[in-house]
Amino acid sequence: MNKTAMTGMEGSLAMAEAVRLANVDVVAAYPITPQTHIVERLAEMVANGELNAAYIPVESEHSAMSACLGSSAAGARTFTATAGQGLELMHEVLYVASGLRLPIVMGVANRALSCPLSVWGDHSDVMSVRDTGWIQIFAENGQQAFDLTLCGFRIGENEKVLFPVMVHIDGFHVSHVVEPLYLLEQKQVDSFLPPFKHPFPLDPDNPVTVGAFAVPILYTEARKSMENALRSTRPFISYVFDEFAKLSGRQYKPVEHYRTEDADTLLLTMGSYSEIAMEAVDQLRDCGEKVGLIRIRLWRPFPFGELRQAVENCQTLVVLDRCISPAGPPGPVCSEVKAALYSQKKRPNVAGFIGGLGGRDLYVPEFIQMVERGRVIAAQGGEEIEMIGVRG
Amino acid sequence: MESFAVFVPRLVPQKDYLAPGHRACIGCGEALALRLVMKALGRNVIVSNATGCMEIISSPFPTTSWRVPWIHTLFENAAAVASGIEAAQKIMNEKGSRTNMAKVVAMGGDGATLDIGIQALSGAWERGHDMLYVCFDNEAYMNTGIQRSSGTPFGAATTTSPAGKVSIGQSTWKKNMPSIAVAHDIPYVATACPSYPFDLMEKVNKAVATKGPSYLHVLSPCPTGWRHGGDLSVKMGRLAVETGVFPLYEVVNGKYKLTVDFPKLRPVTDYLTPQGRFRHLPKDEVERIQKGVIREYEKLKKKVEA
Ligand SMILES: Cc1ncc(C[n+]2csc(CCOP(=O)(O)OP(=O)(O)O)c2C)c(N)n1
Ligand code: SF4
Ligand SMILES: [Mg+2]
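Residues numbered from 1 in each chain as written. Chains lettered and ligands numbered in written order. Predicted model: local features only at pLDDT ≥ 70, side-chain atom pairs only at ≥ 80, totals over all residues. Heavy atoms only, no water.

Focus on helix α10 (residues 234–248) of chain A
Next up, step 1: In this model α10 of chain A runs 21 Å from its N-terminal to its C-terminal C-alpha over 15 residues, within 8% of the 21 Å that 1.5 Å per residue would give.
Next up, step 2: Backbone geometry just after α10 of chain A places G249 of chain A at a positive phi near 80 degrees. (Helix = DSSP H or I, 4+ residues; strand = E, 2+ residues; numbered from the N terminus. Expected span 1.5 Å × (residues − 1).)

Structure follows, in structure tokens:
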């Protein structure tokens, strides 16, 4: 493996660097904290001639995603980034991107939703776009933001896939943190990422009708075939992760494990809090506790098999959500995990916690508390929503 | 791209790029306008179509009326989608991954253009994309059942501006979209009507030849929404022009020019009376409309003479 030297870089800039190395054709974006550094850097690259791309400074996120639809449908490699309210404003457009099978890659710097207004991180924005039909991958740090953005293009644009891809980075905790990381050389990226070839681009020499409407006798079948197609991208996603490992030495998996061997209690996180959870696991292991950590990397398509396998031998599973489902079941991740395990004969007791909302920091003690409280709640059935790191 | 200085019947291309057999109502003036626009555009185009009547009549899966590449995504974003197509084409040609350049044409109804999509359109104009935007103005949200838009004329009854005991129907004056286009300093803006097919097609050609954004605002009689006979659509368009309700003009680099003018305008009643949507109007309101039309026409003439 020929590695470049380690550099210090902000997560946002690492993502922008991946987009540059992917030699993207079109970037259409609108500023919103905490995503702005990504697109500012891309605009700067275009302005300096470091990146030969069209940068469309659209007048809203709705138009950002709409311009991405047009660009991708014309056959161009297309990127955008957003967060929070911006993702909400894109909402209806996101369904069209997946329905039309346009492999746009989007960085999302996860942000809380108004109101109250908060520019800080949580997963409320992500969870509201859960069912938009995008492939969704979580990066936990700057290195992963770089790596998984490259994987995103490779996965989405493949002819067997042709789905848009969101690469989630937690607002501020990843987007604004300078971390040591390894980049890749242009020729390494070129060997990993072939040029995008849209099978039916908008082209007067071969006219296609894109975006027809479907009557009731057809709509269900159209949605079914789309859902089948998204589900069946799973093997290829793992294949791309393996290929990327060959290139970089960094192996990603749909569900990742940390010190899970012989664990009776497992924490489950998604996003940047996994790193603090790991520290908590280390401390608990030092005290002789059999505790491990499961991280969901691939949020969609949901990794049912890997998740079931990962938790089958533990007694207690403690899930952290960074989003509330007001007056509903425990957080969305916890609900999905529970639903995925319901059919299993052998399954752990599950306890759900909600925390880290709107940029509220959680530290090692909170994770240790979640493990301790979680064991109690889970043994009691775990139906109550418990919040962690909250006053009053 | 076919190019002809003047459209006369003998020279109009036979080929249609909007195929017959679509599902528009009988006598639909908007479908006629679209067909003429497509005829004049020729084959080297990519169309971005907003949701609305023209999209719905032409694209029930798995059939299509479109003989050119066509994309429909949503109601309010045709101009933004077109921005993406235009930018993609340019950069791909520059980078060598694509070797043809089509004219990008976005289109939508008055609702898509004057109301919900005005922001996306304004953004596209301001950024200066090389694209034609065509508004097919039938003066209401027809696809969803004749609801008022900001393009609905004063006094017209629609399903959301109904005439009633204490209402004369639409109580606001039609938004002047061409002047909003002109305010963006784009190089070519024109009004047109399918009742004047050669004038319309010439304007399409001029718009296509224009580098940068161009805007065509096409009054498109809708027998279903205006409540007149399907055989009267062409006549309604002519009356709209001859009464001064909808003057035909173009604005080239800010310079206004009437492309059809009359020594004397017909009274607006000629236009209003055959249409069910105005039938409830009392005399004084008709008089008010007449005055409004004269006032606007005079304003336009001043711009032409300026
Ligand atoms: C965001 C959104 N709001 C509302 C609609 C419903 N809708 C579809 S077409 C339409 C009216 C179209 O009117 P116009 O643009 O004037 O076109 P026309 O059908 O009259 O040709 C409406 C309200 C929609 N599709 N999307
Ligand atoms: S409602 Fe009007 S515009 Fe729509 S198809 Fe019918 S006649 Fe044409
Ligand atoms: Mg309309």
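Still more ground to cover, so stick around.
Remarks on the coordination of the magnesium ion (ligand 3)
Next up, step 1: Note on the magnesium ion (ligand 3): its protein donors are D110 of chain B (OD), N138 of chain B (OD1) and A140 of chain B (O). The metal-donor distances range over 2.0 to 2.1 Å.
Next up, step 2: As a motif over one chain, the donors of the magnesium ion (ligand 3) read D-x27-N-x1-A. (Donors = N, O, S within 2.8 Å, 3.2 Å for Na, K, Ca; no water.)

Digging into the side chain of R277 of chain B
Residues and elements named next belong to chain B.
Next up, step 1: Along the chain, R277 turns up in the loop between α10 (269–272) and α11 (283–305).
Next up, step 2: One polar contact links R277 to Y271, side chain to side chain, over a distance of 3.3 Å.
Next up, step 3: Side chain to side chain, R277 and Q275 meet in a polar contact 2.7 Å long.
Next up, step 4: Discounting chain neighbours no more than four positions away, the residues touching R277 are E139, P153, G155, A156, A157, G225, W226, R227 and Y271. (Polar contact = N/O pair within 3.5 Å; in protein donor to acceptor, adjacent residues only side chain to side chain. Contact = heavy atoms within 4.5 Å.)

Re the interface of chain B and chain A
Next up, step 1: The partner chain A presents 39 residues to the 41 residues of chain B that form the contact.
Next up, step 2: The junction of chain B with chain A conceals about 3100 Å² of combined surface from both sides, 62% of it contributed by carbon and sulfur atoms.
Next up, step 3: On the chain B side of the contact with chain A, F61, K95 and R127 of chain B bury the most area, a combined 17% of that side's loss.
Next up, step 4: Applying the counting criterion to the chain B and chain A interface returns three salt bridges.
Next up, step 5: Counting every contact that joins chain B to chain A gives 21 residue pairs in polar contact (both at pLDDT 80 or more).
Next up, step 6: Among the elements of the structure, β1 (45–49), α2 (53–58), β2 (70–72), α3 (78–95) and α5 (118–127) of chain B are those that each provide at least two residues to the side of chain B that touches chain A.
Next up, step 7: Of the residues forming the side of chain B that touches chain A, the biggest block, 11 residues, is contributed by α3 of chain B.
Next up, step 8: Of the residues that constitute the side of chain B that touches chain A, the class distribution is 21 nonpolar, 12 polar and eight charged. (Buried area = accessible area lost by both parts, 1.4 Å probe. Salt bridge = Lys/Arg side-chain N within 4 Å of Asp/Glu carboxyl O. Nonpolar A, V, L, I, M, F, W, Y, C, P; charged D, E, K, R; others polar.)

Side note on the domain arrangement of chain A
All names here are of chain A.
Next up, step 1: With domains assigned, chain A is organised as domain 1 (6–248) and domain 2 (256–387).
Next up, step 2: Look at where the C-alpha atoms of domain 1 and domain 2 centre, and you get two points 27 Å apart.
Next up, step 3: Summing both partners gives a buried area of about 2300 Å² for domain 1 against domain 2, and 54% of it is carried by carbon and sulfur.
Next up, step 4: On the surface where domain 1 and domain 2 come into contact, there are six salt bridges.
Next up, step 5: Of the charged contacts, one joins R234 and E306 as a salt bridge, the two residues approaching to 2.3 Å between their closest N and O atoms. (Domains from an automatic or database assignment.)

Re the packing of aromatic side chains
Here the distance between the centres and the angle between the planes together describe a pair of aromatic rings.
Residue and element names in this part refer to chain B.
Next up, step 1: One pass over the structure, following the stated rule, counts 16 aromatic pairs over all chains.
Next up, step 2: A centroid spacing of 6.4 Å and a plane angle of 85 degrees characterise the contact between W226 and Y271, whose relative ring orientation is edge-to-face. Of this pair, W226 sits in helix α8 (residues 223–226) while Y271 is found in helix α10, placing the two residues 45 residues apart along the sequence. The burial state of W226 is the same as that of Y271; both residues are buried.
Next up, step 3: Taking 5.7 Å as the distance between ring centres and 25 degrees as the angle between the ring planes, the aromatic pair formed by Y249 and Y256 counts as stacked. (Phe/Tyr/Trp six-rings, centres within 6.5 Å; stacked < 30°, edge-to-face > 60°. Buried < 20%, exposed > 50% of the residue type's maximum accessible area, 1.4 Å probe, protein only.)

As for the pairing of strand β10 (residues 255–258) of chain B
All names here are of chain B.
Next up, step 1: Only one face of β10 is covered, namely the one carrying Y256 and L258; the face carrying K255 and K257 has none of its residues buried.
Next up, step 2: Summarising the sheet, strand β9 (residues 249–252) and β10 pair through four bridges and their orientation is antiparallel. When the bridges of β10 are listed, Y249 appears paired with L258.
Next up, step 3: Linkage of β9 to β10, two consecutive antiparallel strands, is achieved through a turn of two residues, within which N253 is found at a positive phi near 50 degrees. (Pairing = 2+ DSSP bridges.)

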